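# Secondary and tertiary structure notes
Chain by chain, the residues:
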Amino acid sequence: MDGELELLGLFSDVEPLPQDDGPEPVVRIAYSQAFTAVMDIFRRVLVTGEHSERTLRLSGEVIRKNAANYTAWQYRRNCIAKIHANSSEQVRIDAWRAELDTCGEMCLRNPKNYQVWFHRRCCVEILQESSHELEFVAQVLDEDSKNYHAWGHRQWVLKEFQLWDQELDYIETLLDQDLRNNSAWNQRYFVMQHTADLKNVDFVRSEVALAFKYIARAPSNPSPWNYIRGLLEPIGFDALPEVRARCEELGVIVTHPSSDSLHGDDPSGGKSSMQVEVAAVNKRHESDATKANTTSSDIAPSQALDAYDNASTGIVSEGIRSCSGEAGESGGNFPAEDSGSSVLHNEGGKSEHTPCLHALSLLIEILQASALEQQRQDDLQLAAKLCLQLAQLDPIRVRFWQW
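I will try to describe carefully the structure that is included in this document.

What counts, and where the lines are drawn
- What you see as residue numbers is a count from 1 along each chain, following the sequence as written.
- In keeping with the model being predicted, local features are shown solely for residues with a pLDDT of at least 70 and side-chain atom pairs are shown and tallied solely at 80 or more, while totals for entire chains, interfaces and linings include all residues.
- Working from all heavy atoms in the structure, the side-chain values ignore hydrogens and water.
- What counts as a helix is a DSSP run of H or I of at least four residues, what counts as a strand is a run of E of at least two, and both are numbered from the N terminus.
- Note on contacts: a residue pair is in contact if any heavy atoms of the two residues lie within 4.5 Å.
- Here the Shrake-Rupley method, with its probe set to 1.4 Å, supplies the accessible areas, and only the displayed protein chains count as covering residues.
- Between the N-to-C directions of two axes lies an angle of 0 to 180 degrees, each axis being a line fitted to C-alpha atoms and, for a helix, fitted only over the stretch in contact.
- Roughly parallel means an angle under 35 degrees; roughly antiparallel, over 145; roughly perpendicular, 65 to 115; everything else is oblique.
- Note on convention: the crossing is left-handed when the near helix lies turned anticlockwise from the far helix by less than a right angle, right-handed when the turn is clockwise.
- Classification used: nonpolar for Ala, Val, Leu, Ile, Met, Phe, Trp, Tyr, Cys and Pro, charged for Asp, Glu, Lys and Arg, polar for all others including Gly.
- Between buried and exposed lies partly exposed: a residue is buried under 20% and exposed over 50% of the maximum accessible area for its type, with that area taken using a 1.4 Å probe on protein chains only.
- The directions from the helix axis to the C-beta atoms are what the arc is built from.

For the chain, the count of helices and strands is 20 helices and two strands. In the chain, once contacts between residues fewer than 6 apart in sequence are set aside, the share between residues at least 24 apart is 64%. A total of about 20,600 Å² of accessible surface is found on the chain, and carbon and sulfur atoms cover 50% of it.

Printed below as a string of structure tokens:
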């Protein structure tokens, strides 16, 4: 309080400019007396255009009371620039370094404030010094590894100063700490976009292999699955057959369907893994799939496409039944948190093999790409069937589609 009084005393020659709320304000904000006094002076100096050491201090007090006041931050930058317009280069640099230190304290106190991070970027840009920035951002991320503002600043620093060399090591450290850190996966893709050729099939294959190592530890973690999607998009979802094979393995789902396997015959029958593998969940839904005319022996390509589109837009009768509780009080079985093909128990106590939903979802996209690009009608038929199964296995997905 004494500091505020001293500061206001520096402006005894300035007439305060009150906030204009109109003649009859509907809901007057209950500002504190101290806040009102500081802001009334600040409005006046904005009008007069004064840029001095005392107004620099004033801007600091305004920011202390409201760190989101972007006008105060902009005014503060203008003050420093104009105060040191005729200073020596060293004095000017020292002033901006001091401001960067002040900004660092504000970042740590307000780590999710847009204005303070933008102010920091401006200071670094003016100084053209980045030696401590990545370390500073890492300090903030230690407290909150998913701080959007800190990651945004880090990405700007990496691009602006080309500091890519150690970034993958940092990302791998974060993933070792928490393999579900979606921000770290996003950062890895960001680095690859700027340092690698994402249309190089061999490179993409190596990155996909790395992602599957993390998937092996937690198949239900969506982050590495989304990373694989991002890698496949530039080269085509069906460019790497091993991805499809892995999805089939984790999804425990039919690959190329045959009428025998879908109608209950021995799913192995000496056939290769690229022909048929039917999970218990397929048997559970077999009769409904037949009613929906989605088996390979009955379905026409146009019907398969309609079934796929209907499932994608929420017109999925089984999914709706699951949501309404007809599949049980819980609305159906849900996959275990860290299982690829988990064994769950239904209401009768019988074990059922439940596929990894992320693998199944990616497999559908791969099948769709194959059907569209290579005119593979069998893949289109299978995509339609699996889309219905996915909706039934994941009632929340159907709720989203319906909404």
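Now that the structure is up, let's keep going.
Turning our eyes to something else, we now look at the side chain of Arg-120. When you line up the elements, Arg-120 lands in helix H6 (residues 114-127). In this structure Arg-120 touches Leu-100, Cys-103, Gly-104, Cys-107, Glu-133, Phe-136 and His-153, once residues within four positions along its chain are discounted.

Running from N to C, helix H12 (residues 222-235) and helix H18 (residues 357-374) point in directions that differ by 15°, and their axes come no closer than 10 Å. It follows that H12 is roughly parallel to H18 by the angle criterion. You can see that H12 and H18 cross each other, and the crossing is right-handed. Contacts between H12 and H18 involve Pro-222, Trp-225, Ile-228 and Arg-229 from the former and His-358, Ala-359, Ser-361, Leu-362 and Glu-365 from the latter. Classifying every residue of the contact of H12 with H18 gives five nonpolar, two polar and two charged.

Attention now moves to helix H9 (residues 167-177). Taken as a whole, H9 has its buried residues at Glu-167, Tyr-170, Ile-171, Leu-174 and Leu-175. One face of H9 carries all of its buried residues, which in axial projection span an arc of 135°. Residues of H9 that are buried make contact with helix H7 (133-143), helix H8 (148-161), helix H10 (182-195) and helix H11 (201-217).

Trans is the prevailing form of peptide bonds, just as negative phi is the prevailing case for residues other than glycine. Even without a glycine there, the phi angle at Gln-128 is positive, about 55°. Among the structural elements, Gln-128 can be located in the loop between H6 and H7. For Gln-128, a relative accessible area of 47% translates into the label partly exposed. A positive phi is found at Gln-162, a non-glycine position, where the angle reads about 55°. Counting through the fold element by element, Gln-162 comes out in the loop between H8 and H9.

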